[in-house]
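Chain by chain, the residues run as shown.
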Amino acid sequence: SVNKQPIVDNVFTIVSKAKQAIAEYGNDAVVNATIGSLYGEDGKLVALDTVYDSLKNLDNRSMAAYAASFTGNPDFKEQVYDWVLNGNSQLKHEVIATPGGTGAVDMTVSYCLDPGQTLVLPSLAWGSYNLMAQMNNLKTVKYDLFEEDHFNLNSFKKACLSAMEVQDRLVVIINDPCHNPSGYSLSKEEWNEVIAFLNECSKTHSVVLLNDIAYIDFSYQQEKAKEYMNCFDSISDNVVVVIAFSLSKSMTSYGLRCGAAIILAQKEQAVQEVKIVFEKNARATWSNINNGAMNMFVDVMKNHKEKYNEERNQYVSLLKERSDIFVQEAKEVGLKHYPYKEGFFVTLSMDNETRDKYHQALMDQHIYTVKVNNGIRVAVCSLSVDKVKGLAKRMKDIYDQVQ
């Protein structure tokens, strides 16, 4: 039966409250830390020139046309694979174009489990994972992401084992690197431990690991951030990895709705089995992916990669500058947050009861943030350096008042 509860998008509700406050009290008086997109120091959305110069130079018909195939254009799929894996994989693979990273995640969730089965998720996560599970009539079991300042492997194992008790397959989501909303990235060692455990699970269950890499191209490690993917080479024959890649973040093209699902496995047959169902799903659900966006990506990768990297890396440095200030100041004043390494968000840690009171107290002081499970998400991606300076102290003072 379909879930009849109306959808409440808390992010957009708070965003509109923040906009209202800016209109009423002026931009300087308001800290809008709600927006999960990259903004420049000018307070405007970043739209990389390299990307949009390429898009605007396309022939009109290139933007108007259907893609060559409902699975995406061959040159797009090739460029996505090369860009994402960057030579870090020897596995058999296929690529399916999707409407944003979201399309890749949803396709995996809806295909790889049957209604009534259980999906393994982190307890601190992008809210849409839960919604996708709901819409596909799936149950969820959640693992705690952290044990002190590192990945909670024990909790991860427990969640997987409890799902395996009731079904013949295991589907897990790991959003990494630059986890949304904590900003954590697993170490190579942590990834190796995860893969070793999933290989154990695969002796009795078929396993699908969905690695959501939406923010990877804003990792502070840049090319090194992709090196962990070579640990996928040691997956067993009964494990399939699906990587969900998003042009929204990598190309600052949120509204163009383009991404890809990259299917990896030891054996060609395993890849083909998943590919066939993904193909049908794509045909039946969205039919075609934005041709202009795909052609733009190919053009940037083939003809403007150096310029694109240079331009994007200026914003990676800016993001690092902002997060360094916030994390350092939070440390100085004792404002608690989940382990942060890199990425768009820093998330303060607290129980949900405190969170609700605190969230309101922040809004009373014109500081707008987003509530997540056991935390408050601060989007450093959209705050100017000036707005970040001193913010941790203000937030700590308000926190002390609600205690």
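Scroll up to find the structure this text is about.
Quick summary incoming for the structure in this document. Residues take numbers from 1 onward in each chain, read along the sequence in its written order. For this predicted model, a pLDDT threshold of at least 70 governs which residues receive local features, and a threshold of 80 or more governs which side-chain atom pairs are given and counted, while totals over whole chains, interfaces and linings are taken from all residues. Computation of side-chain values: all heavy atoms of the structure, hydrogens and water removed.

**A word on the packing of helix H4 (residues 74-85) against helix H11 (residues 291-303)**
How we decide: Axes here refer to lines fitted to C-alpha atoms; in helices the fit is confined to the stretch in contact. Angles between the N-to-C directions go from 0 to 180 degrees. A helix here means a DSSP run of H or I that spans at least four residues, while a strand means a run of E at least two residues long, and both kinds are numbered starting from the N terminus. Roughly parallel covers angles under 35 degrees, roughly antiparallel covers those over 145, roughly perpendicular covers 65 to 115, and oblique covers all other angles. Crossing handedness: left-handed means the near helix sits turned counterclockwise from the far one by under a right angle, and right-handed means the same turn made clockwise. Contact between two residues is taken to exist if any of their heavy atoms lie within 4.5 Å; hydrogens are not considered. Throughout this entry, Asp, Glu, Lys and Arg are counted as charged residues, while Ala, Val, Leu, Ile, Met, Phe, Trp, Tyr, Cys and Pro are counted as nonpolar. The remaining residues, Gly among them, count as polar.
Where H4 meets H11, the axes come as close as 9 Å, and the angle between the chain directions of the two elements is 50 degrees. By the angle class used here, H4 and H11 are oblique. Relative to H11, the crossing made by H4 is left-handed. Mapping the contact onto sequence places Asp 75, Phe 76, Gln 79, Val 80 and Trp 83 in H4 and Met 294, Phe 297, Val 298, Met 301 and Lys 302 in H11. Taken together, the residues of the contact of H4 with H11 sort by class into 7 nonpolar, 1 polar and 2 charged.

**What to know about the packing of helix H5 (residues 100-112) against helix H6 (residues 128-135)**
A pair of packed helices can be characterised by two numbers: the angle between their axes and the separation between those axes. Two elements in contact, H5 and H6, have axes whose closest approach is 10 Å; the angle formed by their N-to-C orientations is 40 degrees. As summarised for this structure, H5 and H6 are arranged oblique, according to the angle between their axes. Once H5 is placed against H6, the crossing between them reads as right-handed. Listed contacts from H6 to Thr 102, Val 105, Asp 106 and Val 109 of H5 are Tyr 129, Met 132 and Ala 133. Its residues assigned to classes, the contact of H5 with H6 comprises 5 nonpolar, 1 polar and 1 charged.

**Let's talk about the sheet that holds strand S13 (residues 370-372)**
Note on sheets: strands pair through backbone hydrogen bonds, and any given pair is parallel or antiparallel. Selection criterion: Strand pairing is assigned whenever DSSP detects at least two bridges linking the two strands.
Sheet architecture is open: 3 strands sit in the order S11-S14-S13, paired in antiparallel fashion. The open sheet is flanked by strand S11 (345-349) and S13, the only strands paired with a single partner. Ignoring strand direction, the axes of neighbouring strands in this sheet form an average angle of 35 degrees. With 3 bridges connecting them, S13 and strand S14 (residues 375-379) associate as antiparallel partners. Looking at the pairing, Val 372 lines up with Gly 375 of S14.

**Remarks on helix H13 (residues 352-364)**
As a reminder, the rule being used: Any helix carries an expected span of 1.5 Å times its number of residues minus one. Exposure classes here rest on a 1.4 Å probe applied to the protein chains alone. A residue is buried below 20% of its type maximum, exposed above 50%, and partly exposed in between. Polar contact criterion, stated in full: a pair of N or O atoms within 3.5 Å, where within protein one must be able to donate a hydrogen and the other to accept it, and residues adjacent in sequence count only if both atoms are side-chain atoms.
Over its 13 residues, H13 extends 18 Å from the first C-alpha to the last, a length consistent with the 18 Å expected when each residue adds 1.5 Å. Taken together, the buried positions of H13 are Thr 354, Arg 355, Tyr 358, His 359, Ala 361, Leu 362 and Met 363. For H13, the elements touching its buried residues are helix H1 (10-25), S11, strand S12 (367-368), S13, S14 and helix H15 (391-402). Among the residues of H13, the N-terminal cap falls to Asp 351, whose side-chain oxygen and the backbone nitrogen of Glu 353 are separated by 3.1 Å. Looking at the residues trailing H13, positive phi occurs at His 366, about 65 degrees.

**So, H6**
This is how the line gets drawn: In this description, the arc belongs to the directions extending from the helix axis to the C-beta atoms.
Within H6 the residues assigned to the buried category are Tyr 129, Met 132 and Ala 133. Angular distribution of buried residues about the axis of H6 spans 100 degrees; they occupy a single face of the element. Considering only its buried residues, H6 is in contact with H5, strand S3 (118-122), strand S4 (139-143), strand S7 (169-175) and strand S8 (206-212).

**Details of the packing of aromatic side chains**
Selection rule: Any Phe, Tyr or Trp ring, taking Trp's six-membered ring, that has another such ring centre within 6.5 Å forms a pair; planes under 30 degrees apart are called stacked, those over 60 apart edge-to-face, and the others tilted.
Applying the stated criterion across every chain yields a total of 19 aromatic pairs. With 5.0 Å between their ring centres and 15 degrees between their planes, Trp 191 and Tyr 228 make a pair best called stacked. Here Trp 191 is found in helix H8 (residues 188-201), whereas its partner Tyr 228 is found in the loop between S8 and strand S9 (239-246), with 37 residues between them in sequence. For the pair shown, Trp 191 and Tyr 228 are each scored as buried. Measuring from ring centre to ring centre gives 5.9 Å for Tyr 215 and Phe 345, while their planes differ by 75 degrees; the resulting arrangement is edge-to-face.

**Some details on the nonpolar core**
Our working definition: The definition of a nonpolar core used throughout is a set of buried Ala, Val, Leu, Ile, Met, Phe, Trp, Tyr and Cys residues joined through side-chain atoms within 4.5 Å.
The biggest cluster of nonpolar side chains holds 139 residues, and the ones touching the most others in it are Phe 156, Phe 232 and Phe 326. Leaving out residues up to four positions away in the same chain, Phe 326 has contacts with Leu 335, Val 346, Leu 348, Val 378, Val 380, Val 388, Leu 391, Ala 392 and Met 395. Grouped together as the second largest cluster of nonpolar side chains are 6 residues, Ile 14, Ala 21, Val 30 and Tyr 368 included.

**Remarks on the pattern of salt bridges**
We count it as follows: Basic side-chain nitrogens of Lys or Arg form a salt bridge, by our definition, when they fall within 4 Å of a carboxyl oxygen of Asp or Glu.
Per the counting criterion, the structure on display carries 13 salt bridges. Notably, a salt bridge pairs Asp 237 with Lys 267, separated by 2.7 Å at the nearest N-O pair. Placement of Asp 237 in the loop between S8 and S9 and of Lys 267 in the loop between strand S10 (259-265) and helix H10 (268-285) is noted, with a sequence separation of 30 residues between them. Among the residues examined, Asp 237 registers a relative accessible area of 45% and is labelled partly exposed. Exposure remark for Lys 267: the relative accessible area of 46% places this residue in the partly exposed category. Put simply, Asp 324 and Lys 320 hold a salt bridge, and the shortest N to O gap is 2.9 Å. You can see Asp 324 and its partner Lys 320 sitting in helix H12 (residues 305-333), 4 residues apart, about one turn around the helix.

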